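# Structural features, examined
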Number of protein chains: 2
Amino acid sequence: MTEADQIGESALTSLRRILRVVDTHSRELARTASLTASRLVVLKILANGPTTAGTIAERAGISQTTVTLLLNKLEAMALVRRQRSEDDRRRVWVELTPQGRAAIDKAPDLLQDVFLQRFRKLPSWEQHGIAASLSRITYLLDADALDAAPLLDVGPIDRAAT
Amino acid sequence: MTEADQIGESALTSLRRILRVVDTHSRELARTASLTASRLVVLKILANGPTTAGTIAERAGISQTTVTLLLNKLEAMALVRRQRSEDDRRRVWVELTPQGRAAIDKAPDLLQDVFLQRFRKLPSWEQHGIAASLSRITYLLDADALDAAPLLDVGPIDRAAT
DNA sequence: TAATAATGCTTTGTAAAGCAAAGTAAATAT
DNA sequence: ATATTTACTTTGCTTTACAAAGCATTATTA
């Protein structure tokens with residue numbers, strides 16, 4: 001094993017740990033705030049103003065089916081309101097209710113807040129370093145490359161080599 | 001919004017994107033390799049040698065109940081074999097079958113592989129930078145540290161500096 | 001030794017996320 | 001007028017995950 005591999009492994013270990021913390025956190029969120037992570041995602045998308053189910057699906061990166069189900073729950077919780085569009089009666093506008101807005105405030109993404117709070121206290125050079133590394137990693141894991149390629153095929157990797 | 005907050009936001013965006021890719025990938029893995037991420041995790045733990053269900057739960061950070069369920073599936077797929085312990089008949093040893101071992105080889109964590117392959121090609125300074133940033137982030141998100149931690153403890157960084 | 005407690009795992013019941021496929025209704029194109 | 005497309009919902013299924021209860025088995029203690 002080369003040195004690069006060792007560093008890579010330790011990077012991966014960190015990455016796994018990060019994933020794990022995020023995961024744990026979202027379960028915690030579900031337990032305490034009775035708002036699961038994906039429902040919160042939907043609410044936050046709606047915080048930018050009313051929109052349609054399809055748009056939510058697209059922005060959240062999940063299927064329309066799932067969005068419908070999430071909306072059903074959120075509507076049952078009275079956090080969200082549906083309304084058929086007047087001009088195009090196929091479409092359904094979704095908007096936050098006042099309670100929905102309150103729910104977002106009451107159940108903020110704490111993990112994110114903690115992150116930002118601490119991040120803010122780091123020296124500037126380190127902030128830049130972290131941001132740069134993260135954006136580099138998104139490249140290392142590039143979604144497009146993965147989507148395009150058959151997963152069990154090794155081909156596409158070279159394309160992004162260099 | 002301060003500059004630090006802007007950088008922090010962009011870091012968070014990257015982080016979200018990373019999480020998203022990992023998520024997508026694991027669903028993809030499930031579809032193509034008929035081995036879901038969590039099952040693969042269990043198999044990989046078993047790759048270090050036979051162990052008990054409780055230990056697997058601990059190492060994977062999931063409940064024993066869940067481990068039992070996963071083992072049921074894996075056993076049904078003949079990737080894993082259970083055997084009551086002789087000395088303590090409450091315990092159940094779990095080990096990989098040859099098929100199980102083959103499954104691990106056939107369905108490697110490709111995301112990880114892609115990451116490592118690309119990572120290896122980065123200049124050394126960048127490798128170190130990324131590894132350091134990641135380890136720093138685990139601190140920024142650390143669940144434990146949430147209660148106690150001295151926020152400006154610089155300790156871990158120096159180690160990976162240079 | 002017999003009753004009690006602790007341990008290790010499984011079962012059962014519950015809830016969420018998520019998708020594909022089929023279905024419905026409305027708008028658009030032919 | 002008919003066919004196609006679009007937008008959303010319903011249905012049925014799978015997986016993950018946990019808590020609570022249950023079942024053996026071992027250890028402890030009276």
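Everything that follows concerns the structure shown earlier in this document.
Description of the structure in this document.

Rules of the game
- Residue positions are counted from 1 within each chain, in the order its sequence is given.
- As a convention, the first chain written is A and the first ligand written is 1, with the rest following in written order.
- Given that this is a predicted model, residues contribute local features only at a pLDDT of at least 70 and side-chain atom pairs are listed and counted only at 80 or more, while totals for whole chains, interfaces and linings are drawn from all residues.
- Hydrogens and water molecules were not included; the side-chain quantities draw on all heavy atoms of the structure.
- When at least one non-hydrogen atom of a residue lies within 4 Å of a molecule or strand, that residue is treated as near it.
- For this analysis, a polar contact is any N or O atom pair within 3.5 Å, provided that within protein one partner can donate a hydrogen and the other can accept it, and provided that sequence-adjacent residues contribute only side-chain to side-chain pairs.
- The way it works is that DSSP assigns letters per residue, a run of H or I at least four long becomes a helix, a run of E at least two long becomes a strand, and they are numbered from the N terminus.
- All residues other than Ala, Val, Leu, Ile, Met, Phe, Trp, Tyr, Cys, Pro, Asp, Glu, Lys and Arg, Gly among them, are scored as polar; the first ten of these are nonpolar and the last four charged.
- We call two strands paired when DSSP finds no fewer than two bridges between them.
- We call two residues in contact whenever any of their non-hydrogen atoms come within 4.5 Å of each other.
- A fitted line through C-alpha atoms serves as each axis, taken over the contacting stretch for helices, and the angle formed by two N-to-C directions is quoted from 0 to 180°.
- The handedness criterion is simple: a crossing whose near helix is rotated anticlockwise from the far helix by less than a right angle is left-handed, and one whose near helix is rotated clockwise is right-handed.
- A 1.4 Å probe defines the accessible area here, and the buried area is the portion of it lost by two parts on being joined, summed over both.
- Salt bridges are defined by distance alone: a side-chain nitrogen of Lys or Arg within 4 Å of a carboxyl oxygen of Asp or Glu.

## Regarding the protein's contact with DNA strand C
Around DNA strand C there are 25 residues in total, and A:Thr36, A:Ser38, A:Ser63, A:Thr65 and B:Gln64 lie nearest to it. Looking at DNA strand C alone, sugar and phosphate atoms form 69% of those within 4 Å of the protein. Between DNA strand C and the protein, one listed contact pairs a phosphate oxygen with a side-chain N or O atom of A:Lys73 at 3.5 Å. Contacts to DNA strand C include B:Arg90, whose side-chain N or O atom sits 3.0 Å from a base oxygen. Those elements giving two or more residues to the surface near DNA strand C turn out to be helix H2 (37-46) and helix H4 (64-76) of chain A together with helix H3 (53-60) and helix H4 (64-76) of chain B. Of the residues in the surface near DNA strand C, the class split is five nonpolar, ten polar and ten charged.

## Some points on the sheet that holds strand E3 (residues 92-96) of chain B
Sheets are built from strands that pair by backbone hydrogen bonding, the pairs being arranged parallel or antiparallel. All names here are of chain B. Pairing within the open sheet is antiparallel, and its three strands lie in the order E1-E3-E2. This sheet does not close on itself; its edge strands, each paired only once, are strand E1 (51-52) and strand E2 (80-84). Looking at chain direction, E2 and E3 are connected through five bridges and run antiparallel. By the bridge assignment for E3, Gln83 is matched with Trp93. Each of E1, E2 and E3 is contacted by helix H2 (residues 37-46), which is oriented at about 95° to E3, the strand it contacts most.

## Quick word on the protein's contact with DNA strand D
Near DNA strand D you find 26 residues, and of these A:Gln64, B:Thr36, B:Ser38, B:Thr65 and B:Arg90 are the closest. Between DNA strand D and A:Gly54 there is a distance of 2.9 Å, counted from a phosphate oxygen to a backbone nitrogen or oxygen. A:Val92 places a polar main-chain atom, nitrogen or oxygen, 3.4 Å from a phosphate oxygen of DNA strand D. Counting only elements with at least two residues in the surface near DNA strand D, the list comes to helix H3 (53-60) and H4 of chain A together with H2 and H4 of chain B. In terms of residue count, the dominant contributor to the surface near DNA strand D is H4(B) (five residues). Broken down by class, the residue content of the surface near DNA strand D amounts to five nonpolar, eleven polar and ten charged.

## Structural notes on the packing of H2(B) against H3(B)
Residue and element names in this part refer to chain B. Closest axis-to-axis distance for the H2/H3 pair is 10 Å, and the angle between their directions is 115°. Like other packed secondary-structure pairs, H2 and H3 cross with a definite hand, here right-handed. Taking contact as the criterion, the partners of Val41, Val42, Ile45 and Leu46 in H2 are, on H3, Ile56, Arg59 and Ala60. Residue composition of the contact of H2 with H3, grouped by class: six nonpolar, no polar and one charged.

## Overview of the interface of chain A and chain B
With 57 residues of chain A at the contact, the number on the chain B side is 60 residues. Here chain A and chain B share an interface that buries about 5800 Å² over both sides, 71% of which is from carbon and sulfur atoms. At the junction of chain A with chain B, the criterion picks out two salt bridges. Applying the counting rule to chain A against chain B returns eight residue pairs in polar contact (both at pLDDT 80 or more). Put simply, the parts of the chain that give the side of chain A that touches chain B at least two residues each are helix H1 (3-33), helix H6 (110-120), helix H7 (124-140) and helix H8 (143-148) of chain A. Per element, the largest residue contribution to the side of chain A that touches chain B is 18 residues, and it comes from H1(A). The residue makeup of the side of chain A that touches chain B, split by class, is 33 nonpolar, eleven polar and 13 charged.

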